[in-house]
Amino acid sequence: MIIGRVIGELVSTQKHSTHENLKILLVQPLNLDGSERGDALVAVDSVQAGVGQTVLLATDGYAAFSSVGLPPSPIDMAVVGIIDRIDLSA
Amino acid sequence: MIIGRVIGELVSTQKHSTHENLKILLVQPLNLDGSERGDALVAVDSVQAGVGQTVLLATDGYAAFSSVGLPPSPIDMAVVGIIDRIDLSA
Amino acid sequence: MIIGRVIGELVSTQKHSTHENLKILLVQPLNLDGSERGDALVAVDSVQAGVGQTVLLATDGYAAFSSVGLPPSPIDMAVVGIIDRIDLSA
Amino acid sequence: MIIGRVIGELVSTQKHSTHENLKILLVQPLNLDGSERGDALVAVDSVQAGVGQTVLLATDGYAAFSSVGLPPSPIDMAVVGIIDRIDLSA
Amino acid sequence: MIIGRVIGELVSTQKHSTHENLKILLVQPLNLDGSERGDALVAVDSVQAGVGQTVLLATDGYAAFSSVGLPPSPIDMAVVGIIDRIDLSA
């Protein structure tokens, strides 16, 4: 899974029928120290995440589309948690 | 998922039976600012996308072949939306 | 999916039972202009492809093993089309 | 699969229903000689692993969520063993 | 799929129940000319492969765990053949 920060949203009118009513978020991946890592990702939201929140993402098709209660559908990444805290051992 | 621009089409006569009647698109991945990112991708079309349009792609076999209503078939990427707008937070 | 050129074949006597009677091809990935991209891939053949032909490959386990009509089996890449033509927009 | 060392834990209150009661670990990937390789990973725990232990991780959605006895759920990596020993041939 | 050479074995006592009785191999990926490519991989054995043998690996969870006759289980890579010969076209 991947840690990131929600930075925006993507809007499509003409889209796959299973994507109706889904919110598609843009997420900037983060390192453990909060610095940015690589390019923004595009994921469905399954936990009512909002811009600026630090979140947990799950990848892989089967795992990701299960997050929004759908039968097999073209979704490969999902926001699945709002992160409260990262506990690192010294 | 991945943001890209449709740049062409791939034509095969001799192909897997599940690929009959599918349109196979070439898609250039894009960064959030519209600049190009990496090499062109090859994906089935599930939303009647056309050359020049900015689209959303879903990866992963199970997720991708579900986009065209097929039982398990050798498809690993699909165009699943025409992107109207990317809303980035300041 | 990936564009490549068939460059050889891999031969194993002692192998997983589901691999009996499968042809395992070596495929050099190609860029859209026909130049080589990265290292050779290893894939099952589902379309009677031959050495020197330009082909389309599908990746991902579930998608790939479905190409040869097998129940779940350890196959993660398949040649699924002989490419006639790539149409790129100007 | 991947070899790593558990370095911490990730805590979320607002999360996907399937993630309730799961422990989410931070794992530093390791080379065979014990040196660090790349960035920390985020994985569910299926074997009561603790901080400082060297562990085996399995990736891929379907494989990973099966480790915690769940139906399809948004999990893409799991800690599945505590490594006792790596036997390398001379 | 990936070509590699078996270089060792990984031993765990405390592990996922589905991993009981499985042999976990360390495999060095190889280029077509036999030179080493990248870092060692960790895979279950499904063909009684031994140290020093050149083998074929299948990746992807669903494909990999099917190699050892298991229901869904946290396995993402499997050794599925002993390679006799690589035939490259001139």
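Predicted model only: the values in this text are computed from it and were never measured. (Residues numbered from 1 in each chain as written. Chains lettered and ligands numbered in written order. Predicted model: local features only at pLDDT ≥ 70, side-chain atom pairs only at ≥ 80, totals over all residues.)

Draft legend 1. Spotlight on the overall build of chain A. On a plain count of helices and strands, chain A comes out with 1 helix and 5 strands. Reading chain A from its N terminus to its C terminus gives the helix and strand order β-β-β-β-α-β. Compactness check: chain A gives a C-alpha radius of gyration of 13 Å against a globular reference of 12 Å for 90 residues, within 12% of the reference. Judged by the C-alpha coordinates and their principal axes, chain A covers about 45 × 20 × 20 Å. Counting across all 90 residues of chain A, residues that qualify as buried make up 52%. The long-range fraction of contacts in chain A, counting pairs at least 24 apart against all pairs at least 6 apart in sequence, stands at 52%. (Helix = DSSP H or I, 4+ residues; strand = E, 2+ residues; numbered from the N terminus. Rg over C-alpha atoms; globule rule 2.2 N^0.38 Å. Buried ≥ 20, exposed ≤ 12 C-beta atoms within 10 Å, placed from the backbone. Contact = placed C-beta atoms within 7 Å.)

Draft legend 2. Summary view of the pairing of strand β1 (residues 2–15) of chain E. Sheet analysis places strand β5 (residues 77–88) of chain D next to β1 of chain E, joined by 6 bridges and oriented antiparallel. When the sheet's bridge partners are listed, Gly-81 of chain D is paired in β1 of chain E with Lys-15 of chain E. Looking at chain direction, β1 of chain E and strand β4 (residues 54–59) of chain E are connected through 4 bridges and run antiparallel. Within β4 of chain E, the residue paired with Ile-3 of chain E across the bridge is Leu-56 of chain E. (Pairing = 2+ DSSP bridges.)

Draft legend 3. Inspection of the interface of chain D and chain E at higher detail. Contacts between chain D and chain E engage 29 residues on the former and 27 residues on the latter. When residues of the side of chain D that touches chain E are traced back to their parent elements, those giving at least two are β1 (2–15), β4 (54–59), α1 (61–66) and β5 of chain D. At 10 residues, β5 of chain D tops the list of elements feeding residues into the side of chain D that touches chain E. Of the residues contributing to the side of chain D that touches chain E, the split by class is 16 nonpolar, 8 polar and 5 charged. (Nonpolar A, V, L, I, M, F, W, Y, C, P; charged D, E, K, R; others polar.)

Draft legend 4. Seen up close, the interface of chain D and chain A. On the chain A side, the residues contacting the 27 residues of chain D number 29 residues. Top element by residues in the side of chain D that touches chain A is β1 of chain D. It accounts for 9 residues. Residue classes in the side of chain D that touches chain A are distributed as 13 nonpolar, 9 polar and 5 charged.

Draft legend 5. A look at the relation of the copies chain D and chain A. Between chain D and chain A, the superposition needs a rotation of 72° and an axial shift of 0.0 Å, giving an RMSD of 0.0 Å. Such a combination of turn and shift is consistent with a five-fold rotation axis. With a heterologous cut-off of 20% or less, the 11% of interface residues of chain D that recur at the interface of chain A puts this contact in the heterologous class. (Least-squares fit on C-alpha atoms with pLDDT ≥ 70 in both.)

Draft legend 6. Local environment of the environment of Ile-86 of chain C. Along the polypeptide, Ile-86 of chain C turns up in strand β5 (residues 77–88). Along the sequence, Ile-86 of chain C and Ala-63 of chain C sit 23 residues apart, while their C-alpha atoms lie 23 Å from each other. Not counting the four nearest positions on each side in its chain, Ile-86 of chain C is found in contact with Gly-8 and Leu-10 of chain B together with Leu-32 of chain C.

Draft legend 7. Quick peek at the nonpolar core. Core analysis: the biggest nonpolar cluster contains 150 residues, and Leu-57 of chain A, Leu-57 of chain B, Leu-57 of chain C, Leu-57 of chain D together with Leu-57 of chain E have the highest contact counts within it. Each residue touching Leu-57 of chain E, except ones within four places of it in the same chain, is listed here: Met-1, Ile-2, Gly-4, Val-27, Leu-41, Ala-43, Met-77, Ala-78, Val-79 and Val-80 of chain E. (Core = buried A, V, L, I, M, F, W, Y, C linked by C-beta atoms within 7 Å.)

Draft legend 8. Main features of the relation of the copies chain D and chain E. Structural alignment of chain D on chain E gives an RMSD of 0.0 Å, achieved by rotating through 72° and translating 0.0 Å along the axis. When you check the interface residues of chain D against chain E, a mere 10% turn up at the interface there too, and the two sides of the contact use different surfaces.

Draft legend 9. Structural detail: the environment of Lys-23 of chain E. Residues and elements named next belong to chain E. Along the chain, Lys-23 falls in the loop between β1 and β2 (24–29). Given 17 C-beta atoms within a 10 Å radius, Lys-23 is considered partly exposed. It is 12 Å that separates the C-alpha atoms of Lys-23 and Val-51, two residues lying 28 residues apart in sequence.

Draft legend 10. Spotlight on unusual backbone geometry. All names here are of chain C. Notably, Asp-60 is not glycine yet its phi reads approximately 85°, a positive angle. With respect to the element layout, Asp-60 can be found in the loop between β4 (54–59) and α1 (61–66). According to the C-beta neighbour criterion, Asp-60 is buried, with 30 such atoms within 10 Å.

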